[in-house]
Amino acid sequence: MKAIHASCKGPHARRVWALDADLAAAFDRIDHDRLLTAIVDFPGRGMIAGWLKAGVFEPGKGFAPTPEGTPQGGVISPLLMNVALHGLEEAAGVRYIATGARAGDIKPGSPTLIRYADDLVVLCHSQEQAVQVKARLAEWLAPRGLVFNEDKTQIVHLSQGFDFLGFNVRRYGSKLLIKPSKAAVGRLRARLAAEMRALRGSNALAVIARLNPIIKGWAAYYRGAVSKRVFASLDHYLWQLLYKWSTWSHSDKPKHWIVSRYFGKRNKFRNDRWVFGAPGTSAYVVRFAWTDIVRHILVKGGASPDDPDLAGYWASRRQKIKPPLDSYTLRLLTRQDGHCPLCGDHLLLAEQPPESPEQWERWWLQLARKAISADYLVHHGRPGSQPDDDQTRLVHASCQRGHLARRRRSTAQRT
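Here's a quick rundown of the structure. Note that the structure is a prediction, hence the values are computed from the model and not measured.

Rules behind the numbers
Residues numbered from 1 in each chain as written. Predicted model: local features only at pLDDT ≥ 70, side-chain atom pairs only at ≥ 80, totals over all residues. Heavy atoms only, no water. Salt bridge = Lys/Arg side-chain N within 4 Å of Asp/Glu carboxyl O. Helix = DSSP H or I, 4+ residues; strand = E, 2+ residues; numbered from the N terminus. Buried < 20%, exposed > 50% of the residue type's maximum accessible area, 1.4 Å probe, protein only. Pairing = 2+ DSSP bridges. Axes fitted to C-alpha atoms, helices over the stretch in contact; angles between N-to-C directions. 1 Å grid on protein atoms, 1.4 Å probe; cavity = no way out; pocket = protein on both sides within 12 Å on 5 of 7 lines; lining within 4 Å. Points joined across faces, edges and corners; volume = space filled by probe spheres on them.

### Points about the pattern of salt bridges
Piece 1. Scanning the entire structure with this criterion turns up 4 salt bridges.
Piece 2. Residues Glu150 and Lys134 are paired through a salt bridge, measuring 3.0 Å at the closest nitrogen-oxygen approach. Taken together, the residues span a long stretch of sequence, with Glu150 in the loop between helix H7 (127–141) and strand E6 (154–157) and Lys134 in helix H7 at a distance of 16 residues.
Piece 3. Across the pair Arg191 and Glu195 runs a salt bridge whose closest N-O atoms are separated by 3.7 Å. Taken as a pair, Arg191 and Glu195 lie in helix H8 (residues 182–198) at a separation of 4 residues, close to a single helical turn.
Piece 4. Classification of Glu195 as buried rests on a relative accessible area of 15%.
Piece 5. Through salt bridges with shared partners, a single network forms among Arg191, Glu195 and Arg210.

### Observations concerning the sheet that holds strand E9 (residues 175–180)
Piece 1. The strand order E7-E8-E9 describes an open sheet built from 3 strands, whose pairing is antiparallel. Only two strands of the sheet have a single neighbouring strand rather than two, namely strand E7 (162–164) and E9. Averaged over all neighbouring strand pairs, the angle between strand axes comes to 30°, with direction disregarded.
Piece 2. The sheet contact formed by E7 and strand E8 (residues 167–172) spans 3 bridges and is antiparallel.

### A short note on unusual backbone geometry
The general pattern is negative phi for most residues beyond glycine and trans for most peptide bonds.
Piece 1. Its identity is not glycine, yet Ala25 carries a phi of approximately 45°, on the positive side.
Piece 2. Along the chain, the position of Ala25 falls in the loop between strand E1 (17–22) and helix H2 (26–29).
Piece 3. On the basis of relative accessible area, Ala25 is assigned to the partly exposed category, the value being 42%.
Piece 4. Although it is not a glycine, Val40 sits at a positive phi angle of roughly 60°.
Piece 5. Here Val40 is to be found in the loop between helix H3 (32–39) and helix H4 (45–53).

### Concerning empty space enclosed by the protein
Piece 1. Throughout the structure, instances matching the rule amount to 2 cavities of 30 Å³ or more.
Piece 2. The volume enclosed by the largest cavity comes to roughly 90 Å³.
Piece 3. Taken together, Asp235, Leu238, Trp239, Leu242, Phe263, Trp274, Val275, Phe276, Val285, Val286 and Arg287 make up the lining of the largest cavity.
Piece 4. Among the secondary structure elements, those contributing two or more residues to the lining of the largest cavity are helix H10 (228–249) and strand E11 (275–276).
Piece 5. Ranked by residue count, the leading element in the lining of the largest cavity is H10, at 4 residues.

Written out as structure tokens, the structure is:
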């Protein structure tokens, strides 16, 4: 999305037409011969060829041969899709400056192509250029067994806008704004409502454990866009769902009793006084708006994470990527250089940032398995200038439990 913004931002943007394209059943129709030819003499070529022809077994349908395509959801299917579509930029007419101070920049007058798996958009200077690009790409895709899905492929002016990867891209006058799409927001609202209906009869801790990964995952994915207003509206909608759940769970109680039991200033680092929490615990439902907006930084040139000469660049880049945490926790994490002071291991370890709301949700769930209560990091000690063993710091939940157990044993031995 940052690449789209960089190409179309500002009042003097030239690329104001978009070919918003979708490939029809791309994973199911990749031509095997073309794909294996592109792989050339890669050491695993024979294994890949056997895997492509192995067929699939589906429950209730039985065995089906695979004369073409790759199983969608297979572990290497996205990689094979990238191999199959290598050269797509050149076919679209994208040209780069080869020498000089601007080497690597797109040449003036050239379109620019942004692709993720089988979803792509080509940003063009005119409608005529977009039509020509579509014709060239259709001709290039045909030998590879791929075609455009005409029902989902369109050429639009940026003043009309288009949806891409769950975002809406649109120019408002001279300003380009990239926001969460209405369809994505609608899907999330429907899911939250369904989850709250399913949680009727459960306790508050179950509600918190179910909602927090969804909220954090969705907010983390969209934190690089213009999302603050959407986050605020979702917080209001979620509050309505939580209040409705509370009144349903205690239909015989007055409203002031329900409010005092479940809502209050649960997060001591925030001034929000209507945060839903579990009575008698420190657990609470986080808010979308607590996630800071952080702009994505584009990768330099053609830098590849598989290039051993660029290992330092990628390590430095990953350290600079802020995880979606509150500012207080981020300061502590930076002060500790990302390590747990009790065991010395990394508190957070994400070699590749998640790339979808679902992946972010799984990321949070994986961290939660190492946690206590509703948080995956424990604020150990108290803030302020205290002795070294009493300063506020972040530790693994398991390390904190071991630390407290050792202190209890030491106290018992002294007495």
